[in-house]
Amino acid sequence: MNASPVVGPCCWKSVRISDLRPFACSIDWCFEMIETQIKESLQKLKEAIDSADAAGIKQSMGEIDGALIEHRREIHPQLKHFLKNRSYMKALAFLEGEADIPKGRCAGRKDFS
């Protein structure tokens, strides 16, 4: 029987949650890994916007969209809301633990999906 390769921290971006389930990973660790991946992509997006780097913007948005699609069930509902609505700076503020994120156009309404 072939053993699965051990995944080190240097290649965590290539790991999918479904790959980790057989190893009974901690759910909190999995959520933290996803949030770290999204946070890094949001930070790269912000830097790309600040430097007017179109290729960097496109790449970062692709990473964010990919994480949202792949991990939609594991992402915190508020973070998912920000990402789906492309409120990227609010998503970054949420991941950085800011408590006073300004309300947007929906002002807390629940009838959007």
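Residues numbered from 1 in each chain as written. Predicted model: local features only at pLDDT ≥ 70, side-chain atom pairs only at ≥ 80, totals over all residues. Heavy atoms only, no water.

A. Quick look at the pattern of salt bridges. Within the structure shown, the criterion is met by three salt bridges. Put simply, D50 and K46 hold a salt bridge, and the shortest N to O gap is 3.7 Å. Of the two residues, D50 and K46 are both situated in helix α2 (residues 27-50); the distance of four residues between them amounts to about one turn of the helix. K46 gets classed as partly exposed once you look at its relative accessible area, which sits at 36%. For the salt bridge of D65 with R86, the shortest nitrogen-to-oxygen distance reads 3.3 Å. Of the two residues, D65 sits in helix α3 (residues 54-70) while R86 sits in the loop between α4 (77-84) and α5 (88-95), which places them 21 residues apart along the sequence. Its relative accessible area of 23% is what places D65 among the partly exposed residues. (Salt bridge = Lys/Arg side-chain N within 4 Å of Asp/Glu carboxyl O. Helix = DSSP H or I, 4+ residues; strand = E, 2+ residues; numbered from the N terminus. Buried < 20%, exposed > 50% of the residue type's maximum accessible area, 1.4 Å probe, protein only.)

B. Spotlight on the environment of M89. Locating M89 in the fold gives a position in helix α5. Judged by relative accessible area, which is 38%, M89 ranks as partly exposed. Measuring from C-alpha to C-alpha, the distance between M89 and L42 comes to 7.7 Å, with 47 residues separating the pair along the chain.

C. Layout of the nonpolar core. Counting residues in each nonpolar core, the largest one holds 15 residues, and the members touching the most others are I38, L42, I75, L79 and L83. Residue assignment for this core shows that the elements contributing at least two residues are α2, α3, α4 and α5. Contacts of L42, omitting those with residues within four sequence positions, involve I64, L83, Y88, A91, L92 and L95. (Core = buried A, V, L, I, M, F, W, Y, C linked by side-chain atoms within 4.5 Å. Contact = heavy atoms within 4.5 Å.)

D. Expanded view of α5. Residues Y88, A91, L92, A93 and L95 constitute the buried set of α5. At the exit of α5 stands G97, carrying a positive phi of roughly 85 degrees.

E. Layout of the confidence of the model for the protein. This prediction gives the protein a mean pLDDT of 75; 65% of its residues lie at or above 70. By mean pLDDT, helix α1 (residues 17-20) is the weakest element of the protein at 52, and α3 is the strongest at 92. Counted against residues more than four places away or in other chains, residues 1-13, with its pLDDT under 50, gives eight contacts. (pLDDT = per-residue confidence, 0-100.)

F. The arrangement of the packing of aromatic side chains in detail. All chains considered together, the criterion is met by one aromatic pair. Considering the side-chain rings of F82 and F94, the 6.3 Å spacing of their centres and the 65 degrees angle between planes classify their relative orientation as edge-to-face. Of this pair, F82 sits in helix α4 while F94 sits in helix α5, and the two are twelve residues apart along the sequence. Judged by relative accessible area, F82 falls into the buried class, the value being 6%. (Phe/Tyr/Trp six-rings, centres within 6.5 Å; stacked < 30°, edge-to-face > 60°.)

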